[in-house]
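Here are the chains, one letter per residue:
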Amino acid sequence: MNNNNNNNNDELVKSIVNYMELLNLAKTPCVAIWRPFFITKCIDWCLFIETELSILTNEECLQVYRLVEERVNQPVPPVSQLLDALHFFFYTLLKNVFLSNSLYLYIMNHYHFLTIPDPDILIKDISTLSTKAATDNILHDILRDLA
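Definitions and limits used
Along every chain, residues carry numbers that run from 1 in the direction the sequence is written. Totals for whole chains, interfaces and linings use every residue, but because this is a predicted model, local features are given only for residues with pLDDT of at least 70 and side-chain atom pairs only at 80 or more, for both listing and counting. Where side-chain values are given, they derive from all heavy atoms of the structure, hydrogens and water being excluded. Strands are runs of DSSP state E lasting at least two residues, helices are runs of H or I lasting at least four, and both sets are numbered from the N terminus onward. Working rule for contacts: check all heavy atoms of both residues, and any pair within 4.5 Å makes them a contact. Each accessible area is a Shrake-Rupley estimate made with a 1.4 Å probe; only the visible protein chains count as cover when residues are assessed. The rule is simple: take the accessible area with a 1.4 Å probe, protein chains only, and divide by the maximum for that residue type; under 20% is buried, over 50% is exposed, in between is partly exposed. Arc, as used here, means the arc of the directions from the helix axis to the C-beta atoms. By nonpolar core we mean a set of buried residues, namely Ala, Val, Leu, Ile, Met, Phe, Trp, Tyr and Cys, connected to one another through side-chain atoms within 4.5 Å. A pocket, in this scheme, is an open set of points on a 1 Å grid over the protein atoms alone with protein on both sides within 12 Å along at least 5 of 7 lines, while a cavity is a set where a 1.4 Å probe fits but cannot get out; residues line either one if an atom lies within 4 Å of a point. Grid points are joined across faces, edges and corners, and a volume is the space filled by probe spheres set on the points. Amino acids outside the nonpolar list (Ala, Val, Leu, Ile, Met, Phe, Trp, Tyr, Cys, Pro) and the charged list (Asp, Glu, Lys, Arg) are all regarded as polar, and Gly is one of them.

Re the overall build of the chain
Okay, so step 1: Secondary structure assignment for the chain yields 7 helices and 0 strands.
Okay, so step 2: Its helices and strands in sequence order give the chain the pattern α-α-α-α-α-α-α, from N to C terminus.
Okay, so step 3: Summarising the internal contacts of the chain: among those between residues at least 6 apart in sequence, 76% fall at separations of at least 24.
Okay, so step 4: Carbon and sulfur atoms form 58% of the exposed surface of the chain, whose accessible area is close to 9000 Å².

Structure, rendered in structure tokens:
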């Protein structure tokens with residue numbers, strides 16, 4: 001690889017490490033104070049990861065992945081998830097009960113992905129999340145009754 005590719009890969013590695021931290025934060029109550037401007041910046045970040053990974057060869061992807069693994073003390077999302085970074089980020093946010101209504105609407109209005117041409121992906125994802133929530137509630141009630 002030439003020096004320019006190494007610089008791009010360094011930026012990509014840093015972005016993936018930051019993305020992993022972002023995903024962890026997206027699961028916490030701190031999302032209650034996030035604003036659309038911040039989400040817009042995160043969208044740009046996710047798209048950078050998706051597009052940069054998509055133009056790499058398999059060997060280069062593996063090299064970037066290994067560099068990320070060396071920098072973090074947690075499992076690195078699979079390349080398939082990183083190639084769909086924005087979708088996973090939004091999906092993680094939609095699962096968070098602390099997400100504000102305005103941010104929830106913002107995400108719904110921007111729920112379009114380069115990697116998923118399906119126009120019904122939002123409906124599918126929300127259906128999956130609501131089914132999971134209903135199942136969790138039922139299981140919680142059963143466990144409470146057993147105690």
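There's plenty left to go through after this.
Topic: helix α6 (residues 101-109)
Okay, so step 1: For α6, every residue scored as buried is listed here: Leu 103, Tyr 106 and Ile 107. Buried residues of α6 fall within an arc of 95 degrees about the axis and therefore sit on the same side. Facing away from the buried side of α6, by more than 90 degrees, are the exposed residues Asn 101, Leu 105 and Asn 109.

Quick word on the environment of Glu 52
Okay, so step 1: Relative to the assigned elements, Glu 52 resides in helix α2 (residues 36-54).
Okay, so step 2: Separated by 40 residues in the primary sequence, Glu 52 and Leu 12 have C-alpha atoms spaced 7.1 Å apart.

Side note on the nonpolar core
Okay, so step 1: With 40 residues, the main nonpolar core has Ile 16, Trp 34, Ile 39, Phe 89, Phe 90, Leu 93 and Tyr 111 as its most contacted residues.
Okay, so step 2: For this core, the secondary-structure elements that each account for two or more residues are α1 (3-25), α2, α3 (58-71), α5 (85-95), α6 and α7 (121-146).
Okay, so step 3: In contact with Ile 39, other than residues within four places in its own chain, are Trp 34, Phe 89, Phe 90, Leu 93, Leu 103 and Tyr 106.

Some thoughts on the layout of surface pockets
Okay, so step 1: By volume, the second largest pocket is sized at about 170 Å³.
Okay, so step 2: Together, Met 20, Leu 23, Asn 24, Lys 27, Gln 74, Pro 75, Pro 77, Gln 81, Phe 88, Thr 92 and Lys 95 line the second largest pocket.
Okay, so step 3: Of all the secondary-structure elements, those providing two or more residues to the lining of the second largest pocket are α1 and α5.
Okay, so step 4: In terms of residue class, the lining of the second largest pocket is built from 5 nonpolar, 4 polar and 2 charged.

What is shown is where atoms sit, not what they do.
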